[in-house]
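# Survey of secondary and tertiary structure
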Amino acid sequence: MKKTFTNFLTFTLFLVSWTLLPLPSYGQIVIEFDDYPQPDSYEVFRFQADVNNVEIPAEGADQLWDYSNLEVIGNSLSVFSSADGDNTFPGAKYITPRELTFQAFSYNSLVYEAIDENGVYELGRLPQDTTFSITAISGGPNDVLRFVGVPLPFEGRLDFIRFPLSYQDSWTQSHTETTPFELTVAAFGLNMVPGARERTLTQTRTVVGWGKLITPNREGESNEPRDVLLMRVNRVAVDSFSLGGFPPPQQLLDAFGLAQGSTTKDEFCLFWDQHDNSNLMRVNLSEGEITSVFFKPDHNDIPSSVSALDLTAPLAYPNPISPLQELNIETDQISSNGTFILTDMNGRQVHNASFSALANDKITVPIPAYLTPGMYVFQLMDSTGRVEGMGRISVQ
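Here the structure is a predicted model, which is why all the values come from computation and not from measurement.

### What to know about the pattern of salt bridges
Applying the stated rule across the entire model yields 16 salt bridges. The partner of Arg 146 in a salt bridge is Asp 129, and the shortest N-O contact between them spans 2.6 Å. Of this pair, Arg 146 sits in strand E8 (residues 144–147) while Asp 129 sits in the loop between strand E6 (119–127) and strand E7 (130–133), placing them 17 residues apart in sequence. On the accessibility criterion, Asp 129 (37% relative accessible area) is partly exposed. Each of the salt bridges in this network shares a partner with another, and the network as a whole consists of Asp 116, Arg 157, Asp 159 and Arg 162.

So this is what it looks like as structure tokens:
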């Protein structure tokens, strides 16, 4: 009897001690290179959500992030075209339009993205050659700032996602982006003097959680929970400037609101799953507060809204049209607000603008000054992200 009791006590203590040990985790995903979809081209539609009553994602294992009650306040569409046949950056997989900003100046560029067995990263960019008058800054009637349209390779590498990717992975990387320009300021004796901004961007990416994510679909109903990893990103950008091979005069820096060695920081959270080539949701942060939220309402297996539609071409005029003119579009497809998207004949997005439909189903959108002569395709997308009309215009 004593031996039986002793054996029972020993077995009981073993069970207690075993249950106190950390148990292996089940359910968390690992994103492998083979999981990452690589279609020839694709579009990413996202809703922007109201940040009120939205909580910062909790970190840790086996989380349930329920954002099914997000309220939509806007939308965006990103187009990723195939880089096949474009030798600007050998090895690039995709090309996507992205706006560049330099203080108060904004202009278009194409960003080249690459994928290998280690991760996804950007090789460089090709900006649109663009000239701005700076009379309001310098006072000279003929003073201009030109951003030079030449390929700009990035020095270094920043991986958006690494393979394989799993909970608690972390890495820090840097790359340097150079923005060349030419400056004409009569008061300083400058005539098309070359200069540059060099921005060194350092990021730390850490997978801080795993679990399930719930977001709304296009109809506002809850999607099925998706197995995801939560990534936290911290970035620091440091800028330096040169003009004619030397530091610019302080008076000139002050006029543009620039400072040598200026530092900017940003922080955001991303949700990734195994079957999508873009993050499912992004939460931008500043000093511990949410500043903006973007999410994808569609699952990866839903086809592009453009390819699945039988569209009626709306009436658009004048056609041909010149930059800075207003394009008038008559359609009965869209009843209120939406987005006008303009792409070139290679499928690259070159412009987008929000609009409100006027009386008589008429939409008016301005054509930007930087467009070069040629044929373009426009899309009219309603507030849910559905394309309701397409057509062609000729810019002269």
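From this point, things continue past the structure.
### With respect to the environment of Leu 253
Topologically, Leu 253 is positioned in helix H3 (residues 250–256). Considered as a pair, Leu 253 and Phe 241 are 12 residues apart in the sequence and their alpha carbons are 8.9 Å apart. Leu 253 has contacts with Phe 241, Pro 248, Leu 258 and Gln 260, leaving out every residue within four places of it along the chain.

### Focus: the sheet that holds strand E20 (residues 337–344)
Within a sheet, neighbouring strands are paired by backbone hydrogen bonds and run either parallel or antiparallel to one another. The strand order across the open sheet built from four strands is E21-E20-E23-E24, with neighbouring strands paired in antiparallel fashion. Each of the sheet's edge strands pairs with one partner strand only, and the pair in question is strand E21 (349–356) and strand E24 (387–395). Put simply, the sheet's adjacent strands are angled 20° from each other on average, direction ignored. When E20 meets E21, the two strands line up antiparallel, connected through seven bridges. Bridged to Leu 342 within E21 is His 351.

### Overview of the packing of aromatic side chains
All chains considered together, the criterion is met by 18 aromatic pairs. Judged by centre distance (5.0 Å) and plane angle (75°), the rings of Phe 45 and Phe 47 are edge-to-face. Just as Phe 45 is buried, Phe 47 falls in that class too. Ring plane angle 85° and centroid distance 6.5 Å describe the contact between Phe 80 and Tyr 94, whose orientation is recorded as edge-to-face.

### Some details on unusual backbone geometry
Here the bond from Phe 163 into Pro 164 is cis, since omega is -15°, no more than 30 degrees from zero. Within the secondary structure, Pro 164 is located in the loop between strand E11 (159–162) and strand E12 (170–185). Between Tyr 317 and the following residue, Pro 318, the backbone shows a cis peptide bond with an omega angle of -5°. Structurally, the position occupied by Pro 318 is in the loop between strand E18 (315–317) and strand E19 (326–330). The phi angle at Gln 168 is positive, at roughly 75°, despite the residue not being glycine. Residue placement: Gln 168 occurs in the loop between E11 and E12. On the accessibility criterion, Gln 168 (58% relative accessible area) is exposed. The backbone of Glu 287 shows a phi angle near 50°, a positive value even though the residue is not glycine. Given the relative accessible area of 80%, Glu 287 is considered exposed.

### Notes on the side chain of Asn 328
Within the fold, Asn 328 resides in strand E19. For Asn 328, a relative accessible area of 14% gives the class buried. There is a polar contact of 3.2 Å between the side chain of Asn 328 and the side chain of Thr 364.

### Focus: the environment of Phe 271
As for its position among the elements, Phe 271 is in strand E15 (residues 263–272). Taking relative accessible area as the criterion, Phe 271 reaches 0% and is therefore assigned buried. For Phe 271 and Val 228, which are 43 residues apart along the polypeptide, the C-alpha to C-alpha distance reads 6.1 Å.

### Looking at the nonpolar core
As a rule of thumb, soluble globular proteins bury nonpolar side chains together. Tyr 67, Leu 70, Leu 213, Phe 271, Met 281 and Val 293 are the most contacted members of the largest nonpolar core, which has 23 residues in total. Elements with a contribution of two residues or more to this core: strand E1 (42–49), strand E13 (190–214), strand E14 (226–243), E15, strand E16 (281–286) and strand E17 (289–295). Those residues in contact with Leu 213, other than ones at most four positions away along the chain, are Trp 65, Tyr 67, Glu 224, Pro 225, Arg 226, Val 228, Phe 271, Leu 280 and Met 281. The next biggest cluster of nonpolar side chains, apart from the first, holds 21 residues, and it includes Val 44, Val 120, Ile 161 and Phe 268.

### Quick look at the sheet that holds strand E22 (residues 362–366)
As summarised here, the arrangement of the three strands in space is E18-E19-E22, forming an open sheet in which the pairing is antiparallel. Across the chains shown, the open sheet's two edge strands, defined by having one partner strand only, are E18 and E22. Mean inter-strand twist for the sheet, computed between neighbouring axes without regard to direction, equals 20°. As defined by bridge partners, E19 adjoins E22 across five bridges and the pair is classed as antiparallel. Across the sheet, the residue bridging to Glu 326 is Pro 366, located in E22.

About the criteria used
- Residues numbered from 1 in each chain as written.
- Predicted model: local features only at pLDDT ≥ 70, side-chain atom pairs only at ≥ 80, totals over all residues.
- Heavy atoms only, no water.
- Salt bridge = Lys/Arg side-chain N within 4 Å of Asp/Glu carboxyl O.
- Helix = DSSP H or I, 4+ residues; strand = E, 2+ residues; numbered from the N terminus.
- Buried < 20%, exposed > 50% of the residue type's maximum accessible area, 1.4 Å probe, protein only.
- Contact = heavy atoms within 4.5 Å.
- Pairing = 2+ DSSP bridges.
- Axes fitted to C-alpha atoms, helices over the stretch in contact; angles between N-to-C directions.
- Phe/Tyr/Trp six-rings, centres within 6.5 Å; stacked < 30°, edge-to-face > 60°.
- Polar contact = N/O pair within 3.5 Å; in protein donor to acceptor, adjacent residues only side chain to side chain.
- Core = buried A, V, L, I, M, F, W, Y, C linked by side-chain atoms within 4.5 Å.

Coordinates in, geometry out; function isn't part of it.
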